[in-house]
Amino acid sequence: MYVEPVIIFRTQATLNEQQLILAVQQKEEPAFARLVADYQPMVYNTVLGLVQHDQDAEDIAQEVFIQVYQSISSFKGESKLSTWIYRICITKSLDWIKHRQRKKRFGFIQSIFGSSEETTLQLPDFHHPGVQLANKERAAVLFKAINLLPENQRIAFVLQKMEGLGQMDIAAIMNQSEGAIESLLQRAKQNLRKSLHDYHKTD
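Thresholds applied
- Residues numbered from 1 in each chain as written.
- Predicted model: local features only at pLDDT ≥ 70, side-chain atom pairs only at ≥ 80, totals over all residues.
- Heavy atoms only, no water.
- Core = buried A, V, L, I, M, F, W, Y, C linked by side-chain atoms within 4.5 Å.
- Buried < 20%, exposed > 50% of the residue type's maximum accessible area, 1.4 Å probe, protein only.
- Helix = DSSP H or I, 4+ residues; strand = E, 2+ residues; numbered from the N terminus.
- Contact = heavy atoms within 4.5 Å.
- Phe/Tyr/Trp six-rings, centres within 6.5 Å; stacked < 30°, edge-to-face > 60°.

> Help me get a handle on the nonpolar core, residues and values and all.
Counting 56 residues, the largest nonpolar core has Leu35, Val43, Ile85, Ile146, Leu159 and Met174 as its most contacted members. Those elements giving two or more residues to this core turn out to be α1 (17-25), α2 (29-51), α3 (54-71), α4 (81-106), α6 (136-147), α7 (151-162), α8 (167-174) and α9 (178-202). No other element matches the 12 residues that α2 contributes to this core. Apart from residues lying up to four places away in sequence, Leu159 is in contact with Thr46, Tyr86, Ile90, Gly164, Leu165, Ile170, Ile173 and Met174.

> Help me get a handle on the environment of Ser93, residues and values and all.
When you line up the elements, Ser93 lands in helix α4. Separated by 33 residues in sequence, Ser93 and Ile60 have C-alpha atoms that sit 7.0 Å apart. Other than its neighbours up to four places away in sequence, Ser93 contacts Val47, Leu50, Val51 and Ile60.

> Give me the packing of aromatic side chains: which residues, what numbers.
Under the counting rule described, the total for this entry stands at two aromatic pairs. Centre to centre, the rings of Phe32 and Tyr69 are 4.8 Å apart; their planes meet at 65°, and the pair counts as edge-to-face. Of the two residues, Phe32 sits in helix α2 while Tyr69 sits in helix α3, which places them 37 residues apart along the sequence. Residue classification places Phe32 among the buried positions, given a relative accessible area of 18%. For the pair Phe75 and Trp84, a centre-to-centre distance of 5.2 Å together with 45° between the ring planes defines the contact as tilted.

As far as function goes, none of this settles anything; it's purely spatial.
Next up, the structure:
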């Protein structure tokens, strides 16, 4: 007796990570839309923690996903997909920061933005979902202090405190040892304590 075969259509929501990657590599638009939906909060929050400006973070997040779409064919699965996307977030954010610093350095307001300490005083007002501080002024002071950190300390601190990542994941993203990440985080916390202490002492 002939039995009609049962065909099961799998939706994008049922794809595991490997299947999703393959589908995006094959330029399937529903799969890419699923990837964007899954990773958009992570991408936006990470970028926002580094560039500290809402609108710029939205623009950079779009650039991140464009880069993901264009480059995912080269993704070999040697790391987690999230690790690979975090690296793109960091690269795009740092490129934007360097561009901003060049504009300030050569702009007509050079005398105002001549030092990193003065630059942080001009940071725009914004809210980061990963920082739960009722006092808006305290949040602004914290981000000013974060912005004074050396680049690698800033990245490690944002990934740990705002993204909630462990040292192993941060080490994979930054391509460093866990010991190096632990050292970066310790120095970041020491520098933040000093910056916040100096701020309140002169307030």
